[in-house]
Amino acid sequence: MDYQHLITFIMEMLGTIAFASSGAMTAVEKNMDIFGVSVLGVVTATGGGLIRDLVLGITPPGMFRDPVYALAAIVTSCCLFWILYAKKEWLSGAFRTTYDKIMLAFDAVGLGIFTAVGISTAVQNGYRDNLFLLVFVGTITGVGGGILRDVLAGETPYIFVKHVYACASIAGALFYILLQEGFGQVTAMFGASALVILLRFLAAHYKWNLPRLKGSD
Amino acid sequence: MDYQHLITFIMEMLGTIAFASSGAMTAVEKNMDIFGVSVLGVVTATGGGLIRDLVLGITPPGMFRDPVYALAAIVTSCCLFWILYAKKEWLSGAFRTTYDKIMLAFDAVGLGIFTAVGISTAVQNGYRDNLFLLVFVGTITGVGGGILRDVLAGETPYIFVKHVYACASIAGALFYILLQEGFGQVTAMFGASALVILLRFLAAHYKWNLPRLKGSD
Amino acid sequence: MDYQHLITFIMEMLGTIAFASSGAMTAVEKNMDIFGVSVLGVVTATGGGLIRDLVLGITPPGMFRDPVYALAAIVTSCCLFWILYAKKEWLSGAFRTTYDKIMLAFDAVGLGIFTAVGISTAVQNGYRDNLFLLVFVGTITGVGGGILRDVLAGETPYIFVKHVYACASIAGALFYILLQEGFGQVTAMFGASALVILLRFLAAHYKWNLPRLKGSD
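Small disclaimer: the values here were computed from a predicted structure and weren't measured. (Residues numbered from 1 in each chain as written. Chains lettered and ligands numbered in written order. Predicted model: local features only at pLDDT ≥ 70, side-chain atom pairs only at ≥ 80, totals over all residues. Heavy atoms only, no water.)

Peer 1: What is the right way to look at helix H4 (residues 68–86) of chain B in this model?
Peer 2: What sets the pattern is the α-helix's 3.6 residues per turn: residues three or four places apart point alike. Counted at 1.5 Å a residue, the expected span for H4(B) with its 19 residues is 27 Å, and the 27 Å between its end C-alpha atoms agrees. Among the residues of H4(B), those classed as buried are B:Tyr69, B:Ala70, B:Ala72, B:Ala73, B:Thr76, B:Ser77, B:Leu80, B:Phe81 and B:Leu84. Buried residues of H4(B) fall within an arc of 165 degrees about the axis and therefore sit on the same side. Buried-residue contacts for H4(B) involve helix H6 (131–152) of chain A together with helix H1 (2–29), helix H2 (34–56), helix H3 (62–65) and helix H5 (93–124) of chain B. (Helix = DSSP H or I, 4+ residues; strand = E, 2+ residues; numbered from the N terminus. Expected span 1.5 Å × (residues − 1). Buried < 20%, exposed > 50% of the residue type's maximum accessible area, 1.4 Å probe, protein only. Arc of directions from axis to C-beta. Contact = heavy atoms within 4.5 Å.)

Next up, the structure:
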């Protein structure tokens, strides 16, 4: 199934670029130096998988056995830094609006594929029957990097306050578990990714929010 | 020893409810949505055990092998959220005062039993003779969830600034190690729990504080 | 090679004292109590090695198998606390200036030796050929404690915003990997430490900073 691996790899790369960019952009807005920008980019792109591997007892974690994702995250972060360094006016205005829209799409793809890859990793390590663990590792692979990004930047994690984000990942994880019983891993992987991406677009478009006590601001 | 397991389970459940409630309440006060409220509830209730299991190399961590505690934490957090959503006035006033008193009691029970269960887990995994490790895992099982809660909420961890909290846990851990030599695990477990609960009530009642440079505020 | 172990031990102790002091000082400035001061001291001194060991799958982590460093960090933190408790005026003025200079030297020694020990640990555990992992564990052993210190204190991690710090550690890690091919572990260890120390002194003296978008403040 060569196509399957290629498509997975492309989706993971789009996700890595989107996640690294969101980390790097957060760091730029906190006026970190280029080292901080790179670290926040890498942490956002690979942190979810790192937590997953620690919980599953996979050492050294996958990001060190196949460093292509970490390197892609570093390159992405540095490029973003130098572009913004040269063109500071791009931090706002029409360019930023277009950039944010592209990144929203990449980010949705990343959230979808990372959630699916997270569960797939747990299944391959023999945890197919532990539903709670599967949902957890799928979701943490998707959203863990963003949580670490916000904690390191001193922010309340985005996923706790804004829009339907982690819930899209949880829904995808549950859909994966449902699909793998009847249709196998490959269908589950792409079906779950597609659902997450769909939910994220709907949530962003219709500004879905979960209820909270004092209302949304 | 059926009674022993039942009592341990009831104490752990009281602790889970108290810890989840404190996480959920912190999230409500930060105006997080119901997802954030649930996550902070679960993290506070199970985070200490999670860190303990990562340090001891127990994978997947216990919270995934026996998810009843995580589920209890989620249910507790959601109930608290919906009650406060329906009755916002309960966030302050006489209801809150009574609630805080009950939670103080539950929390003390939880701190005691979690400390004892933490050491017991390490002993069962063959680390009986490593005193420093035993004290660490006992204390981190008791207070680790609260530290993660405060970091995720962007607060200075409570246990570093207010009242005698972690010290009660450390005292209980040391008492456990002392008791297990002469009286076995069961006595050590309940003796240590009882000491922690006693110390917490005394500390709360007499407003014990550890010294700091600029005085308590 | 008795001398080698002795020198390594002395360098690690100087680093432990410097790292613990920086954690304890941060805690004092946040008005934490003596427990918080001790915890932040220990976390800063041993946190880097703890993350390294979790990533490498070494459980329980080294800080529990040889608690002398954790104990040295606790003693250092408590001494600093009581000295400042007795002599609050030492928090500023000429004493503080001298103290900061000594600590800068100790800290550079610690950063150097911790980076080298981190890589050496990974090599001993069979990861000699994974360059990315070696650089990561060397750097995280050097700077991880400081990151945890700042996260727990609610600060943006120092290493993301100020002076050339982590980069000195990364340069040392790369130098170690280069040296170990031709000259063996011992030379690599001391050569890499020396380079880190040199870079830190140069960076502090000439106020080297990495570029950032909005300039240094």
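Peer 1: Help me understand the packing of aromatic side chains, please; the structure alone is not making it clear to me.
Peer 2: Given two aromatic rings, their pairing is described by the distance between the two centres and the angle made by the two planes. Tallying each qualifying case throughout the model produces 30 aromatic pairs over all chains. Here the aromatic rings of B:Phe81 and B:Trp82 are separated by 5.2 Å at their centres, their planes lie at 85 degrees, and the arrangement is edge-to-face. Judged by relative accessible area, B:Phe81 falls into the buried class, the value being 0%. Members of the aromatic cluster, connected to one another through ring pairs, are A:Phe64, C:Phe132 and C:Phe136. A cation sits over an aromatic face here: B:Lys88 above B:Tyr85, 5.0 Å from the ring centre. (Phe/Tyr/Trp six-rings, centres within 6.5 Å; stacked < 30°, edge-to-face > 60°. Lys NZ or Arg CZ within 6 Å of the ring centre and 35° of its normal.)

Peer 1: Looking at this structure, I do not really get the relation of the copies chain A and chain B. What am I missing?
Peer 2: One copy of the chain maps onto the second through a rotation around an axis plus a translation along that axis. Overlay of chain A on chain B (RMSD 0.0 Å): rotation 120 degrees, translation along the axis 0.0 Å. In the structure described here, the two chain copies are related by an operation that fits a three-fold rotation axis. Residue A:Gly154 of chain A places its C-alpha closer to the rotation axis than any other residue of that unit, at 3.8 Å. The residues that chain A uses at the interface reappear at the interface of chain B in only 7% of cases, marking distinct surfaces. (Least-squares fit on C-alpha atoms with pLDDT ≥ 70 in both.)

Peer 1: Could you clarify how one ought to interpret the interface of chain C and chain A in this entry?
Peer 2: It is common to give the size of an interface as the accessible area lost on bringing the parts into contact. Across the boundary between the two partners, chain C contributes 28 residues, which contact 28 residues of chain A. Roughly 2,400 Å² is buried in total at the junction of chain C and chain A, and carbon and sulfur atoms are behind 73% of that figure. On the chain C side of the interface with chain A, the three residues burying the most area are C:Phe132, C:Phe160 and C:Leu213, jointly 35% of the side's total. The interface formed by chain C and chain A holds 0 salt bridges in total. Summed over the shared surface of chain C and chain A, the number is 2 residue pairs in polar contact (both at pLDDT 80 or more). Elements with a minimum of two residues in the side of chain C that touches chain A: helix H2 (34–56), helix H6 (131–152) and helix H7 (166–206) of chain C. The biggest single contributor to the side of chain C that touches chain A is H6(C), with 5 residues. Across the side of chain C that touches chain A, the residue classes break down as 19 nonpolar, 5 polar and 4 charged. (Buried area = accessible area lost by both parts, 1.4 Å probe. Salt bridge = Lys/Arg side-chain N within 4 Å of Asp/Glu carboxyl O. Polar contact = N/O pair within 3.5 Å; in protein donor to acceptor, adjacent residues only side chain to side chain. Nonpolar A, V, L, I, M, F, W, Y, C, P; charged D, E, K, R; others polar.)

Peer 1: How should the interface of chain A and chain B be read in this particular structure?
Peer 2: Taken together, the contacts link 28 residues of chain A with 28 residues of chain B. For the pair chain A and chain B, the two sides together bury roughly 2,400 Å², of which 73% comes from carbon and sulfur. Looking only at chain A, the three residues that lose the most surface to chain B are A:Phe132, A:Phe160 and A:Leu213, adding up to 35% of its buried area. At the boundary of chain A and chain B, one finds 0 salt bridges. In this assembly, chain A and chain B are joined by 2 residue pairs in polar contact (both at pLDDT 80 or more). Of all elements in the fold, only helix H2 (34–56), H6 and helix H7 (166–206) of chain A reach the threshold of two or more residues within the side of chain A that touches chain B.

Peer 1: What is the right way to look at the packing of helix H5 (residues 93–124) of chain A against H6(A) in this model?
Peer 2: Helix-helix packing: each pair is described by the crossing angle between the helix axes and the interaxial distance. Residue and element names in this part refer to chain A. Close contact between H5 and H6 brings their axes to 7 Å; oriented N to C, the two are set at 140 degrees. Looking at the two axes, H5 sits oblique to H6. Of the two possible hands of crossing, H5 and H6 adopt the one that is right-handed. The residues of H6 that touch H5, namely those facing Leu111, Phe114, Thr115, Gly118, Ile119, Ala122 and Val123, are Leu134, Val137, Gly138, Thr141, Gly142 and Val143. Residue composition of the contact of H5 with H6, grouped by class: 8 nonpolar, 5 polar and no charged. (Axes fitted to C-alpha atoms, helices over the stretch in contact; angles between N-to-C directions. Parallel < 35°, antiparallel > 145°, perpendicular 65-115°, else oblique. Left-handed = near helix turned anticlockwise from the far one by under 90°.)

Peer 1: Got a minute to help me understand the UniProt feature "transmembrane region" (unreviewed entry) in chain A in this structure?
Peer 2: Residues and elements named next belong to chain A. With numbering matched to this structure, UniProt assigns "transmembrane region" (unreviewed entry) to residues 6–27, 34–55, 67–86, 98–119, 131–148, 160–179 and 185–203. Across residues 67–86, the secondary structure splits into 95% helix and 0% strand, with the terminal C-alpha atoms separated by 29 Å. Between the C-alpha atoms that bound residues 98–119 the distance is 32 Å, and the span itself is 100% helix and 0% strand. (UniProt positions renumbered as here; feature names shortened; annotations may be inferred.)

Peer 1: Help me understand the side chain of A:Thr141, please; the structure alone is not making it clear to me.
Peer 2: All names here are of chain A. Relative to the helices and strands, Thr141 is located in helix H6. You can call Thr141 buried: its relative accessible area is 7%. A polar atom in the side chain of Thr141 sits 2.5 Å from the backbone oxygen of Val137. Apart from the residues within four sequence positions on either side, Thr141 is in contact with Gly48, Gly49, Arg52, Phe114 and Gly118.

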